[in-house]
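A structural walkthrough
These are the residues of each chain, in order.
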Amino acid sequence: MTSDDLLHRLRTLEDREAIREVLHRYARGADRCDLELFKSCYWPDAVDCHWFFNGNAHAFADYVISLLAELRTSQHSITNPIIELDGDRAFAECQWYVLHRMELGDGSGRLLDQQLEGRYVDVFERRDGEWRILRRQTVTEAGREFVVEDLNAGIPDDLPIAGRRAPRDIVYAGMDILGMEVIAIDGMDLWEMARARHR
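Residues numbered from 1 in each chain as written. Predicted model: local features only at pLDDT ≥ 70, side-chain atom pairs only at ≥ 80, totals over all residues. Heavy atoms only, no water.

As a further point, take the sheet that holds strand 1 (residues 42–49). Sheet architecture is open: six strands sit in the order 2-1-6-5-4-3, paired in mixed fashion. Each end of this open sheet is capped by a strand with a single partner; those strands are strand 2 (54–56) and strand 3 (73–86). Within the sheet, the average angular offset between the axes of one strand and its neighbour, ignoring direction, is 15°. Of the strand pairs in this sheet, strand 3 and strand 4 (residues 89–103) are connected by twelve bridges, and their pairing is antiparallel. Note that in strand 4 the partner of Leu85 across the bridge is Ala90. Taken strand by strand, helix 1 (residues 3–31) contacts strand 1, strand 3, strand 4, strand 5 (111–127) and strand 6 (130–148), and its axis lies near 160° from that of strand 3. Across the sheet, helix 3 (residues 57–68) lies against strand 1, strand 2, strand 3 and strand 4, angled at about 65° from strand 1, the strand it touches most. (Pairing = 2+ DSSP bridges. Helix = DSSP H or I, 4+ residues; strand = E, 2+ residues; numbered from the N terminus. Axes fitted to C-alpha atoms, helices over the stretch in contact; angles between N-to-C directions. Contact = heavy atoms within 4.5 Å.)

Have a look at this one:
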C-alpha cells in the first residue's frame, strides 16, 4: 500500500467521522433546544423535508426548536449511519428514534410519551473543509404513544440527573464537572421502588 493510498483512506475516515459528528450534534441541538448548535448542522441554503415542515432548514430550526421547547424533554437517538462519499458531497442514511415527553394536561401529573422511529436520508456538502446537511428527507417508520407516571418527580433540583435545556443541562459544564460537588447517595432499592409504584 502506498502513502497515497493511506492518505486517501485517512481522508475517507475523517470525512465519514465529520458527517457522523454532524448527525450527533443535530440530536444534541434538538434535545437541548440549542438553536445555534442545531442550525450549525445545515448550510443556510439547505432544505429540510420533515413532513410537518418542508422548506428552508434554518427556518425549520427556528420553528422546531420552539416547538420542542414546549415539551418536558425529548431524546433523539441516531444509529446505523451509512455514508457514501462523492467528492465534496455525500449521501447518507441513518435511523432515528425519538421520545417526546409532554405534560398530559389533565391535572393528574401523568405524562404522554410519544415514541417515533424512522430514517434521515441526507445529502451532505463540504464547503471550505466543513461538512453540513444540504438536503434532508425524513422517512417515518413507526410511532406509538403511552400515558406514563413521572418517575422523575421528587428528584431535587440540585442533582444534575434530570435532562434540561441549554444552557442549564450538565453537558454544557464540559470538563468543569470534575470540580462539581458530589452529593453523596449510598444507593436505593430501585426495584422495590418500582414494585411499590404498582401495588
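After that view of the structure, there is still more to cover.
Time to look at the pattern of salt bridges. Using the criterion set out here, one finds 19 salt bridges in the structure. Two residues, Asp169 and Arg32, come together in a salt bridge whose shortest N-O distance is 3.5 Å. Of the two residues, Asp169 sits in the loop between strand 6 and helix 4 (190–197) while Arg32 sits in the loop between helix 1 and helix 2 (35–39), which places them 137 residues apart along the sequence. Judged by its relative accessible area of 14%, Arg32 is buried. Note that Glu103 and Arg72 form a salt bridge whose closest N and O atoms lie 2.7 Å from each other. (Salt bridge = Lys/Arg side-chain N within 4 Å of Asp/Glu carboxyl O. Buried < 20%, exposed > 50% of the residue type's maximum accessible area, 1.4 Å probe, protein only.)

Let us now look at helix 1. With 29 residues, helix 1 extends 42 Å between its outermost C-alpha atoms, agreeing within 8% with the 42 Å of an ideal straight helix rising 1.5 Å per residue. Of all the positions in helix 1, only Thr12, Asp15, Ile19, Val22, Leu23, Arg25, Tyr26, Ala27, Gly29, Ala30 and Asp31 are classed as buried. Of the residues one or two after helix 1, Cys33 is the one with positive phi, at around 55°. (Expected span 1.5 Å × (residues − 1).)

Before going further, it helps to spend a moment on the pairing of strand 6. Sheet analysis places strand 1 next to strand 6, joined by four bridges and oriented parallel. Note on strand 6: the bridge partner recorded for Asp48 is Arg136. Where strand 5 meets strand 6, 17 bridges bridge the pair, whose relative direction is antiparallel. Paired with Val123 across the bridge in strand 6 is Arg135. Two successive antiparallel strands, strand 5 and strand 6, enclose a turn made up of two residues, where Asp128 displays a positive phi of approximately 50°.

Further remarks concern unusual backbone geometry. The omega angle of the peptide bond from Ala166 to Pro167 is 0°, so this bond is cis rather than trans. With respect to the helices, strands and loops of the structure, Pro167 is situated in the loop between strand 6 and helix 4. Backbone geometry places Cys33, a non-glycine residue, at a positive phi of 55°. When you line up the elements, Cys33 lands in the loop between helix 1 and helix 2. Given the relative accessible area of 15%, Cys33 is considered buried.

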